[in-house]
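Chain by chain, the residues:
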Amino acid sequence: MPDTDSTLIDGRALAAEVREEVQQAVAEHLDAGPRPPALRVILANDSAASASYVRGKEKAAAEAGIDAETLRFDPEEVTEDELLGTLARLNSDDEVDGILVQLPLPDRIDEEKVIQAIAPAKDVDGFHPQNTGRLMTGADGFVPATPAGIMEMLRRSEVDIEGAHAVIVGRSNLVGRPLANLLLHRDANATVTVCHSRTRALGQHTRTADILVSAVGRAGLISGDMVKAGACVIDVGINRVDDDTRERGYRLVGDVDFDAARKRASQITPVPGGVGPMTIAMLLKNTLKAAVGRLSERET
Ligand code: NDP
């Protein structure tokens, strides 16, 4: 049992490593191909969080040498047909490698239908059912950036995944489910338990985790005594808690009681500065993968 604070998994530093590798590979891709990888983002909501994510993606893409452009639609005016038409155009545009639809979409638009209209070979978010199916069977495809980033963090932090008991709290299509699949793949070989809002006695499960991932969105859900001594803790949650000492009146925390968990865990991710930066880095990696895949397809 660790008697000192656990090692911090520094998401910003790991993401910087990935971004540098992508930048290098983009330069090599440019030597082989006619233009930089091109990403098109569709933004049709007015949420401040989405706007901030999209700005982050644009900035990171530009730094990596990726040509990223956001197509903005008025959330009050945009129609499903307009989005489907735009996707059809982007799908057949040879100058576009990756397409990402920033969720959520306005309520009147069928999100499923829009996601299914993205060409699977350009679906860098990995939400198209064809990519979801590939992930499930272990075939090559696009993996959603957050769970892909978590796997990358575990590997780069030399966490022993093989044979470990991984407990994931949260079963969303965005994080929990794809992560469970990745951890089960034969190149990872974890034993996986997935918990959710109907799980009884959550702590009994989390206390058996060698790798504990919380992806819920509830501050303080995972208390220190729910963490097994020596576990690796990955906190995906992003929650605002009131904080009068901050100019904006709040601060961001994860789902895990960080100070308490840090005393028990062997390694732990902070919030902010953990999973978040890695998510953007993996999106860049997916965009590069789309560009490289399409280039080699053209050459054969
Ligand atoms: P969802 O709301 O889609 O899923 C939340 C999951 O948590 C559900 O499976 C839900 O169970 C489960 N849950 C809710 N309450 C409890 C509880 N009391 N005990 C156990 N499980 C519970 O969220 P997302 O997966 O989209 O996101 C989760 C969190 O991760 C959010 O804070 C989000 O902001 C953050 N996030 C961070 C990212 C990053 O890059 N850092 C990227 C994506 C998300 P049920 O299925 O039964 O409803």
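Here's what I pulled together on the structure shown here. (Residues numbered from 1 in each chain as written. Predicted model: local features only at pLDDT ≥ 70, side-chain atom pairs only at ≥ 80, totals over all residues. Heavy atoms only, no water.)

1. What to know about the sheet that holds strand 3 (residues 67-72)
1) Next: Pairing in this open sheet of three strands is parallel, and the strands run 3-2-4 from one edge to the other. Unpaired on one side and paired on the other, strand 3 and strand 4 (98-102) mark the two borders of the sheet. The mean angle between the axes of side-by-side strands here comes to 20 degrees, regardless of whether they run parallel or antiparallel.
2) Next: Against the sheet, helix 3 (residues 80-92) touches strand 2 (38-43), strand 3 and strand 4, its axis set at about 180 degrees to strand 2. (Pairing = 2+ DSSP bridges. Helix = DSSP H or I, 4+ residues; strand = E, 2+ residues; numbered from the N terminus. Axes fitted to C-alpha atoms, helices over the stretch in contact; angles between N-to-C directions. Contact = heavy atoms within 4.5 Å.)

2. Some details on the site of the ligand
1) Next: Looking at the ligand, there are 20 residues lining it, with Arg-171, Ser-172, Ser-197, Ile-238 and Thr-279 nearest.
2) Next: Arg-171 places a polar side-chain atom, nitrogen or oxygen, 2.7 Å from an oxygen atom of the ligand.
3) Next: For the shell around the ligand, a count of residues per class yields nine nonpolar, nine polar and two charged. (Near = heavy atom within 4 Å. Polar contact = N/O pair within 3.5 Å; in protein donor to acceptor, adjacent residues only side chain to side chain. Nonpolar A, V, L, I, M, F, W, Y, C, P; charged D, E, K, R; others polar.)

3. Observations regarding the sheet that holds strand 5 (residues 165-169)
1) Next: Within the open sheet, the six strands sit side by side as 1-11-8-7-5-6. Their pairing is parallel. Each of the sheet's edge strands pairs with one partner strand only, and the pair in question is strand 1 (7-8) and strand 6 (191-195).
2) Next: The pairing of strand 5 with strand 6 spans five bridges and is parallel. The partner of Val-167 across the bridge, within strand 6, is Thr-193.

4. Considering the packing of helix 1 (residues 11-32) against helix 2 (residues 48-64)
1) Next: Look at helix 1 against helix 2: their axes get within 8 Å of each other, and the N-to-C directions meet at 50 degrees. As the angle between them shows, helix 1 and helix 2 are arranged oblique. Listed contacts from helix 2 to Arg-19, Val-22, Gln-23 and Val-26 of helix 1 are Ala-60, Glu-63 and Ala-64.
2) Next: When the residues that make up the contact of helix 1 with helix 2 are grouped by side-chain class, the tally is four nonpolar, one polar and two charged. (Parallel < 35°, antiparallel > 145°, perpendicular 65-115°, else oblique.)

5. Details of helix 3
1) Next: In this model, helix 3 (13 residues) spans 19 Å end to end at C-alpha, consistent with the 18 Å of a helix rising 1.5 Å per residue.
2) Next: By the burial criterion, the buried members of helix 3 are Glu-80, Leu-83, Thr-86, Leu-87 and Leu-90. The arc that holds the buried residues of helix 3, viewed along the axis, is 130 degrees, so those residues lie on one side. For helix 3, the exposed residues lying more than 90 degrees away from the buried face are Asp-81 and Ser-92.
3) Next: Close packing links the buried residues of helix 3 with strand 2, strand 3, strand 4 and helix 4 (111-116). (Expected span 1.5 Å × (residues − 1). Buried < 20%, exposed > 50% of the residue type's maximum accessible area, 1.4 Å probe, protein only. Arc of directions from axis to C-beta.)

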